[in-house]
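# A structural walkthrough
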Amino acid sequence: MSSDSLEVHLDDAKQALRADPFPVTSAERMPTGPGLYAVWSNKETWSELGLEWRGPLTPLYVGKAEDSIRKREIDTHFAAGRSAVSKTGSSTLRRSFAALLAPSLGFRAIPRNVEKPGHFSNYALRSDDDLRLTAWMHEHLLLSAWAKPAELAAPLRLLEAPIIGELDPPINIQGAASSRVALKAARSVLSAQARSWTN
């Protein structure tokens, strides 16, 4: 694939991600196939998260789904755990929101697998906190998506990386153009809580 063709897809993706975001509660509008997605919110939510507002054209987060955007959004990021399973333990996006909201909402971290504690940086939340985080996300966040065209053979990371580099979404850690000191520190607090957790 030529670089010109990749640039066309990159432009299409950026335009789609900025077009008409919809509520998380309408996540069924997400494409069923692979593609890119973005998470958005307003100035008040950025402030609640302790983030400096950079205007309505900067998303909070940009990610990719190699199989199904809809499945990734509904089943991983924006759904609460069923029974004793915490969705936060399986989603870096949820862990970042949990960390930034913990001081105001009182979230407490636990190990992702309480039967075999370990990998504490992949902390989870108690089931009631997991449900509260999901409710907060449904109330405050918007989504947008770009479906990968069938003719695009290039891996999605070749589009995701330059978009993250250009837009610098504050919840993205990998590939970020600027520092994530505060976010990493907040996540470290919850990692430490998970490490010191006792039943």
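These notes cover the structure that comes with them. Note that the coordinates shown come from a computational prediction; the quantities given were computed from them, not determined experimentally.

As a further point, take the overall build of the protein chain. A count of helical and extended segments in the protein chain gives 7 helices and 6 strands. Going from the N terminus to the C terminus, the protein chain shows its helices and strands as α-β-β-α-β-α-α-β-β-α-β-α-α. Computed over C-alpha atoms, the radius of gyration of the protein chain comes to 17 Å, within 12% of the 16 Å expected from 2.2 N^0.38 for 199 residues, which places it in the range of a compact globule. Counting every position in the protein chain, which comprises 199 residues, the buried fraction comes to 47%. Residue pairs at least 24 apart in sequence account for 71% of intrachain contacts in the protein chain once pairs closer than 6 positions are excluded. Accessible surface for the protein chain amounts to roughly 9,900 Å². Of this, 51% is attributable to carbon and sulfur atoms.

Take the sheet that holds strand S3 (residues 61-65) next. Whenever strands of a sheet pair, they do so through backbone hydrogen bonds, lying parallel or antiparallel. The strand order across the open sheet built from 4 strands is S1-S6-S2-S3, with neighbouring strands paired in antiparallel fashion. Only two strands of the sheet have a single partner each, and these edge strands are strand S1 (22-23) and S3. Bridge count for S1 against strand S6 (residues 142-147) is 2 bridges, and the pairing is antiparallel. When the sheet's bridge partners are listed, Pro23 is paired in S6 with Leu142.

This paragraph deals with the layout of surface pockets. By volume, the largest pocket is sized at about 360 Å³. Looking at the largest pocket, it is lined by 21 residues, and the ones nearest its centre are Tyr61, Glu160, Ile164, Asn172 and Gln174. For the lining of the largest pocket, a count of residues per class yields 9 nonpolar, 6 polar and 6 charged. Its boundaries defined by the atoms lining it, the second largest pocket holds a volume of some 230 Å³. The leading source of residues in the lining of the second largest pocket is helix H7 (residues 181-195), at 3 residues. Of the residues that constitute the lining of the second largest pocket, the class distribution is 7 nonpolar, 3 polar and 4 charged.

Attention shifts here to the nonpolar core. The biggest cluster of nonpolar side chains holds 37 residues, and the ones touching the most others in it are Phe97 and Leu141. For this core, the elements supplying multiple residues, two or more each, are strand S2 (35-40), S3, helix H4 (92-105), helix H5 (127-140), S6 and H7. Apart from residues lying up to four places away in sequence, Phe97 is in contact with Val39, Leu49, Leu60, Leu133, Trp136, Met137, Leu141 and Ile171. One finds Leu36, Ala38, Leu159 and Leu167 within the second-largest nonpolar core, a separate group that totals 15 residues.

Attention shifts here to unusual backbone geometry. With the exception of glycine, most residues fall at negative phi, and the peptide bonds are largely trans. Backbone geometry places Asp20, a non-glycine residue, at a positive phi of 50°. Mapping Asp20 onto the fold places it in the loop between helix H1 (3-17) and S1. A positive phi angle, close to 50°, is found at Asp168, a residue other than glycine.

The next thing to look at is the environment of Leu105. Along the chain, the position of Leu105 falls in helix H4. A relative accessible area of 25% means that Leu105 is categorised as partly exposed. Measuring from C-alpha to C-alpha, the distance between Leu105 and Ser90 comes to 20 Å, with 15 residues separating the pair along the chain.

Attention now goes to the packing of aromatic side chains. Taken as a whole, this structure holds 3 aromatic pairs when the rule is applied. On the numbers, 5.7 Å between centres and 45° between planes, the contact of Phe97 with Trp136 is tilted. Separated by 39 residues along the polypeptide, Phe97 in helix H4 and Trp136 in helix H5 bring together distant segments of the chain. Exposure class is identical for Phe97 and Trp136. Each is buried.

Conventions and cut-offs
Residues numbered from 1 in each chain as written. Predicted model: local features only at pLDDT ≥ 70, side-chain atom pairs only at ≥ 80, totals over all residues. Heavy atoms only, no water. Helix = DSSP H or I, 4+ residues; strand = E, 2+ residues; numbered from the N terminus. Rg over C-alpha atoms; globule rule 2.2 N^0.38 Å. Buried < 20%, exposed > 50% of the residue type's maximum accessible area, 1.4 Å probe, protein only. Contact = heavy atoms within 4.5 Å. Areas by Shrake-Rupley, 256 points an atom, 1.4 Å probe, with all protein chains shown as cover. Pairing = 2+ DSSP bridges. 1 Å grid on protein atoms, 1.4 Å probe; cavity = no way out; pocket = protein on both sides within 12 Å on 5 of 7 lines; lining within 4 Å. Points joined across faces, edges and corners; volume = space filled by probe spheres on them. Nonpolar A, V, L, I, M, F, W, Y, C, P; charged D, E, K, R; others polar. Core = buried A, V, L, I, M, F, W, Y, C linked by side-chain atoms within 4.5 Å. Phe/Tyr/Trp six-rings, centres within 6.5 Å; stacked < 30°, edge-to-face > 60°.

All quantities given are derived from atomic positions and should not be read as evidence of function.
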